[in-house]
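Structural characterization, general
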Amino acid sequence: NAGVTQTPKFRVLKTGQSMTLLCAQDMNHEYMYWYRQDPGMGLRLIHYSVGEGTTAKGEVPDGYNVSRLKKQNFLLGLESAAPSQTSVYFCASTNGGHSNTEAFFGQGTRLTVV
Amino acid sequence: DAKTTQPPSMDCAEGRAANLPCNHSTISGNEYVYWYRQIHSQGPQYIIHGLKNNETNEMASLIITEDRKSSTLILPHATLRDTAVYYCIVRAYSGNTPLVFGKGTRLSVIA
C-alpha cells in the first residue's frame, strides 16, 4: 500500500495563477483533510471531508476550494494564488467510526508563490 | 476541542528517557489525548493516544494524571532519530472531529 500520496511535491506559481493539489489514499478511509504549515508553525486545517461528496471548512479556508468526487481522492484548488499562500501543504486521512485512532499523512507539497 | 499547552523546546541526552509534558486543563470527559510527531518537515506521524489509563506501545508510553488535566509522553531510550516536533492534541473520539495542531515541543536529542 502506498498510503497517502500527494501530487506534486514541489511547485512554483506566479501570483494570480491557479493550480490543483491532488491527495490520493488507498486505505479506503472515509475522512480526508488538507492542512498548511508555515515556517515555525504548527499545521492549520484548511478544509476537510467526512465522506465522498462532502466537504467542510477548517480554520483557514479563504482562498481555497476543495472537492471529493471519489472516496480515494481529495483535491485542493487555488483559483488565484497569492504570496501569502506560500506554504507546505499536507493531506491526511483517517478511517471513520470507532477505529479512527490514527491519521495518516502525506509527505507534503511545497508551494511557492512569487 | 480543549486547548493544550506544551513547552516550546526540550533537550534530551541520547539513551536517556525523554519526558514531554502537556497541559490540557479544560479537557472534557469524551476527549482523548493524542500524540503525533513531525520529523524534519515530513508529514506528522501518529505515536499514541489515551483516555484516562496509561498506555504503552512499541514507540512510547503515555501517562495521564488522575484528574486528566495533564499528561506526559515518555520515550524510554531516546535516539538521535527521535529529534522532532511533538504535538499533544486533545480530540473527541469522533470521526467528524479533525485534528487541531498547536505549535508542539521541539525535542532535540543530543549525542
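One can find the structure itself at the top, above this paragraph.
Residues numbered from 1 in each chain as written. Chains lettered and ligands numbered in written order. Predicted model: local features only at pLDDT ≥ 70, side-chain atom pairs only at ≥ 80, totals over all residues. Heavy atoms only, no water.

Next up on the list: the overall build of chain B. Looking only at helices and strands, chain B features 0 helices and 9 strands. Ordered by position from N to C terminus, the α and β elements of chain B give β-β-β-β-β-β-β-β-β. In terms of overall size, chain B behaves like a compact globule, its C-alpha atoms giving a radius of gyration of 13 Å where 111 residues would be expected to give roughly 13 Å. The principal-axis extent of the C-alpha atoms belonging to chain B is close to 40 × 30 × 25 Å. Residues classed as buried in chain B amount to 48% of the 111 residues present. At a minimum sequence separation of 6, the contacts of chain B that also span at least 24 residues come to 57%. Put simply, chain B shows about 5,500 Å² of open surface, and 48% of that area lies on carbon and sulfur atoms. (Helix = DSSP H or I, 4+ residues; strand = E, 2+ residues; numbered from the N terminus. Rg over C-alpha atoms; globule rule 2.2 N^0.38 Å. Buried < 20%, exposed > 50% of the residue type's maximum accessible area, 1.4 Å probe, protein only. Contact = heavy atoms within 4.5 Å. Areas by Shrake-Rupley, 256 points an atom, 1.4 Å probe, with all protein chains shown as cover.)

We now examine the overall build of chain A. Looking only at helices and strands, chain A features 0 helices and 11 strands. When its helices and strands are written in sequence order, chain A yields β-β-β-β-β-β-β-β-β-β-β. Over its C-alpha atoms chain A spans a radius of gyration of 13 Å, differing by no more than 12% from the 13 Å that the globule rule assigns to 114 residues. Across the 114 residues that make up chain A, the buried fraction comes to 47%. When contacts within chain A are restricted to residue pairs at least 6 apart in sequence, long-range pairs at least 24 apart make up 54% of them. Within the structure as shown, chain A displays about 5,400 Å² of accessible surface, and the carbon and sulfur contribution to it stands at 51%. Charge centroids of chain A, computed over 10 positive and 8 negative side chains, lie 8 Å from each other. (Lys, Arg positive; Asp, Glu negative; His and termini not counted. Charge placed at Lys NZ, Arg CZ, Asp CG, Glu CD.)

The next subject is the environment of B:N30. Residue and element names in this part refer to chain B. Of note, N30 is situated in the loop between β2 (18–23) and β3 (31–38). For N30, a relative accessible area of 49% translates into the label partly exposed. In the structure, N30 is positioned 18 residues away from C12 in sequence and 33 Å away in space, judged by C-alpha atoms. Excluding residues that lie within four positions of it along the chain, N30 makes contacts with R91, A92 and Y93.

Residue and element names in this part refer to chain A. Tallying each qualifying case throughout the model produces 4 salt bridges over all chains. Where D38 meets R36, a salt bridge forms, and the shortest distance between an N and an O atom there is 2.9 Å. For D38, a relative accessible area of 15% puts it in the buried group. The closest approach of N and O atoms between R44 and D38, which form a salt bridge, is 2.6 Å. With relative accessibility at 29%, the residue R44 sits in the partly exposed group. Put simply, R36, D38 and R44 are held in one network by salt bridges that share partners. (Salt bridge = Lys/Arg side-chain N within 4 Å of Asp/Glu carboxyl O.)

A separate point is the state of the cysteines. The final tally for this structure, using the stated rule, is 2 disulfides over all chains. Covalent S-S linkage joins A:C23 and A:C91, the inter-sulfur distance amounting to 1.8 Å. Every disulfide takes its handedness from the sign of the S-S torsion; for A:C23 and A:C91 that torsion is -75 degrees, giving left-handed. Of the two residues, A:C23 sits in strand β3 (residues 19–25) while A:C91 sits in strand β9 (residues 87–94), which places them 68 residues apart along the sequence. The same class applies to A:C23 as to A:C91, namely buried. Across a sulfur-sulfur distance of 2.1 Å, B:C22 and B:C88 are joined as a disulfide pair. Disulfide B:C22-B:C88: the torsion about the S-S bond is -80 degrees, which places it as left-handed. Taken together, the positions of B:C22 in strand β2 and B:C88 in strand β8 (residues 84–92) put the pair 66 residues apart, joining distant regions of the chain. As far as the burial class goes, B:C22 and B:C88 line up, both buried. We note that B:C12 lacks a disulfide partner, and the nearest cysteine sulfur, in B:C22, lies 18 Å from it. (Disulfide = S-S within 2.5 Å.)

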